[in-house]
Amino acid sequence: KHVMSYLEDFFFFFQRARAKVKSLSGGERNRLLLARLFTQPANALILDEPTAGLDPLSSEILKEKIIAEKNKNKLILITSHILSDLDDLTTHIMYLQEEKMQFLKDLQTLQDETGETRLGKAIARIMKSEKLNILRSDDALALKKQELIK
């Protein structure tokens, strides 16, 4: 498929496609990069915050394209702070915090462990639990210090 076809899929029309890249808005630049990405044959796609700067329609079109690529058995790695964008796309979750991998789990396991069906809520539950554990650890350390001082 030609890049112009992908551009049209993202409602990026011919007259804007001929414009200089520096004259494009941030969202237009993102759609141009995504259209070019999908024209390249690859077994894997790495997408960093792919919906950033996209309007809601372009974001949904992108999700459809990612699902289509996933259905071709491609490996797709997506980083995102907008977890609701990942609900329909995710099969496995690698959770990183402070440059360290906290866990790598399949979505079903994560849902079972947290009791949450939506990814954002599942991650929020884990983060809340971790913060409570840190607070409990800090409280325990404070008590031990007090005991040592006595």
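Above: the structure in question.
Residues numbered from 1 in each chain as written. Predicted model: local features only at pLDDT ≥ 70, side-chain atom pairs only at ≥ 80, totals over all residues. Heavy atoms only, no water.

### A few points about the packing of aromatic side chains
Basically, it comes down to this: Any two of the Phe, Tyr and Trp rings considered here, Trp counted by its six-membered ring, make a pair once their centres fall within 6.5 Å; the pair's planes then place it as stacked at under 30 degrees, edge-to-face at over 60, or tilted in between. Each residue's exposure class comes from its accessible area (1.4 Å probe, protein chains only) as a fraction of the maximum for that residue type: buried when under 20%, exposed when over 50%, partly exposed otherwise. For a ring to carry a charge above it, either NZ of a lysine or CZ of an arginine must fall within 6 Å of the ring centroid while also lying within 35 degrees of the normal to the ring plane.
Taken as a whole, this structure holds one aromatic pair when the rule is applied. Judged by centre distance (5.3 Å) and plane angle (25°), the ring pair of Tyr 95 and Phe 103 falls under stacked. The exposure classification of Tyr 95 matches that of Phe 103, with both residues buried. Here Lys 105 stacks its cationic end above the ring of Phe 103, 4.9 Å away from the centre of that ring.

### Regarding the layout of surface pockets
The cut-off we apply is this: Grid points spaced at 1 Å and placed over the protein atoms alone form the basis of the search, with a cavity being a set where a 1.4 Å probe fits but cannot get out and a pocket an open set showing protein on both sides within 12 Å along at least five of seven lines. Lining residues have an atom within 4 Å of a point. Grid points are joined across faces, edges and corners, and a volume is the space filled by probe spheres set on the points. Secondary structure follows DSSP: runs of H or I at least 4 residues long count as helices, runs of E at least 2 residues long count as strands, and numbering of each begins at the N terminus.
In this structure, the largest pocket encloses a volume near 920 Å³. Ile 78, Thr 79, Leu 86, Ile 93 and Met 94 are, among the 26 residues lining the largest pocket, the residues nearest its centre. Counting only elements with at least two residues in the lining of the largest pocket, the list comes to helix H4 (56-70), strand E2 (75-79), strand E3 (92-97) and helix H6 (119-149). It is E3 that contributes the most residues to the lining of the largest pocket, six residues altogether.

### Structural notes on the side chain of Asp 85
Rules: We call two N or O atoms a polar contact when they sit within 3.5 Å, provided that within protein one can donate a hydrogen and the other can accept it, with sequence-adjacent residues counted only if both atoms are side-chain atoms. Contacts are assigned to residue pairs with any non-hydrogen atoms lying within 4.5 Å of each other.
Relative to the helices and strands, Asp 85 resides in the loop between E2 and E3. Here the side chain of Asp 85 touches Thr 51 through a polar contact of 2.5 Å, side chain to side chain. Setting aside residues no more than four positions away along its own chain, Asp 85 makes contact with Thr 51, Ser 59 and Lys 63.

### Some words on empty space enclosed by the protein
Where we set the bar: By the convention adopted, Pro, Cys, Tyr, Trp, Phe, Met, Ile, Leu, Val and Ala count as nonpolar, Lys, Arg, Asp and Glu as charged, and the other residues, Gly among them, as polar.
This structure, assessed with the given rule, holds one cavity of 30 Å³ or more. Around the largest cavity, the lining residues are Pro 50, Thr 51, Leu 62, Ile 66, Ile 78, Ser 80, Asp 85, Leu 86 and Leu 89. Here the lining of the largest cavity is composed, by residue class, of six nonpolar, two polar and one charged.

### A word on unusual backbone geometry
The residue Glu 49 is not glycine, and still its phi comes out positive at about 50°. Looking at where Glu 49 falls in the secondary structure, it is placed in the loop between strand E1 (44-48) and H4. A positive phi angle is found at Asn 73, which is not glycine, with a value near 65°.

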